[in-house]
Amino acid sequence: MIEFAREAYDDVVRHADAGGAEEVCGVLAGTRGNGDEPSVVARAHEAENVADAPAVRYRIDPEEQLELFEAIEADGREVVGFYHSHPAGPAHPSETDASRATWPGYSYVICALDGSPFVGSWRWRGDEAGFERETVSVSSER
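The sections below set out a description of the structure shown in this document. Since the structure is predicted, the reported quantities are computational estimates derived from the model, not experimental observations.

Within the element layout of this structure, L28 appears in strand β2 (residues 25-31). Exposure remark for L28: the relative accessible area of 0% places this residue in the buried category. Separated by twelve residues in sequence, L28 and V40 place their C-alpha atoms 9.2 Å apart. Contacts of L28, omitting those with residues within four sequence positions, involve F4, V12, V41, R43, A44, E78, V79, V80, G81, F82, Y83 and V109.

Here you go:
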């Protein structure tokens, strides 16, 4: 399970909407859950999409990713995972998402915009295990 603070959830949806026809991306900060404990997202950090085809892919520059990781840790938080948008769907990870996932145990959140915004999350279990869907909840208390 992954639980978003209301502001972080809204920031992901707003960023996805602002991206128009191109995918947007970023890093999620908070507390990463283990086992039965949910991951809690306190903040969404936007990143520039430097993919060669941003209409269908996302890529965070490694230097920017390192800077975001360091800022998250300096703020006393953990990297929970990553987010990106699918402007025209699907509302689940694509084959490209699975082939490029590299952080086992971390959440990969997708904001699909085909119709009304849908935010889903999948935890990457590794190459052979693939993605495992997570329940997404939003809390106004965090």
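For the rest of this paragraph, the subject is the layout of surface pockets. A volume near 330 Å³ is recorded for the largest pocket. Together, 14 residues line the largest pocket, and Y58, R59, I60, R100 and T102 are the ones closest to its centre. Breaking the lining of the largest pocket down by element, the ones donating at least two residues are α2 (62-74) and α3 (95-100). Per element, the largest residue contribution to the lining of the largest pocket is three residues, and it comes from α3. Class assignment of the residues belonging to the lining of the largest pocket gives a composition of seven nonpolar, three polar and four charged.

We now examine the nonpolar core. Judged by nonpolar contacts, the single largest core of 18 residues is most densely connected at F4, V12, L28, V41, Y83, V109 and C111. Contributing elements (two or more residues each) for this core: β1 (2-5), α1 (6-18), β3 (39-47), β4 (78-86) and β5 (107-112). The biggest single contributor to this core is α1, with five residues. The residues contacting V12, other than those within four sequence positions of it, are F4, L28, A44, Y83 and C111. In this structure, I60, F82, Y108 and W124 belong to the second largest nonpolar core, which totals 15 residues.

Glancing now at the packing of aromatic side chains. Inspection of the entire model under this criterion finds eight aromatic pairs. The interplanar angle of 45 degrees and the centroid separation of 5.9 Å between the aromatic rings of F82 and W103 together place this pair among those described as tilted. With F82 in strand β4 and W103 in the loop between α3 and β5, the pair connects residues that are 21 residues apart, well separated along the chain. Ring geometry for F82 against Y108: centres 5.5 Å apart, planes inclined by 40 degrees, an arrangement best described as tilted. Within this pair, whereas F82 is found in strand β4, its partner Y108 is found in strand β5, the two being separated by 26 residues in sequence. An identical accessibility class is assigned to F82 and Y108; each is buried. Of the aromatic side chains, those joined through ring pairs into one cluster are F69, F82, W103, Y106, Y108, W124 and F131. Taking NZ or CZ as reference, R32 lies 3.9 Å from the ring centre of Y106, over its face.

Thresholds applied
- Here the residue numbers are simple positions, counted from 1 along each chain's written sequence.
- Only residues with pLDDT of at least 70 get local features here, since the model is predicted, and only at 80 or more are side-chain atom pairs given and counted; chain-wide, interface and lining totals rely on the full set of residues.
- Side-chain measures here rest on the full set of heavy atoms in the structure, leaving out hydrogens and waters.
- Runs of E in the DSSP output that reach at least two residues are strands. Runs of H or I that reach at least four are helices, and both are numbered from the N terminus.
- Only protein chains enter the accessibility calculation, which uses a 1.4 Å probe; a residue whose area is less than 20% of its type maximum is buried, one above 50% is exposed, and one in between is partly exposed.
- Note on definitions: a residue-residue contact is assigned when non-hydrogen atoms from the two residues lie within 4.5 Å.
- Using a 1 Å grid laid over the protein atoms alone, points where a 1.4 Å probe fits but cannot get out form a cavity; open sets with protein on both sides within 12 Å along at least 5 of 7 lines form a pocket; any residue with an atom within 4 Å of a point counts as lining.
- Grid points are joined across faces, edges and corners, and a volume is the space filled by probe spheres set on the points.
- The nonpolar class holds Ala, Val, Leu, Ile, Met, Phe, Trp, Tyr, Cys and Pro. Asp, Glu, Lys and Arg form the charged class, and all remaining residues, Gly among them, are polar.
- Here the nonpolar core consists of buried residues drawn from Ala, Val, Leu, Ile, Met, Phe, Trp, Tyr and Cys, with membership extended through side-chain atoms lying within 4.5 Å.
- Any two rings among Phe, Tyr and Trp, with Trp reduced to its six-membered ring, count as a pair given centres within 6.5 Å; such a pair is stacked if its planes are under 30 degrees apart, edge-to-face if over 60, and tilted if neither.
- Sitting over a ring, as applied to charges here, requires NZ of Lys or CZ of Arg to be within 6 Å of the ring centre and within 35 degrees of the ring normal.

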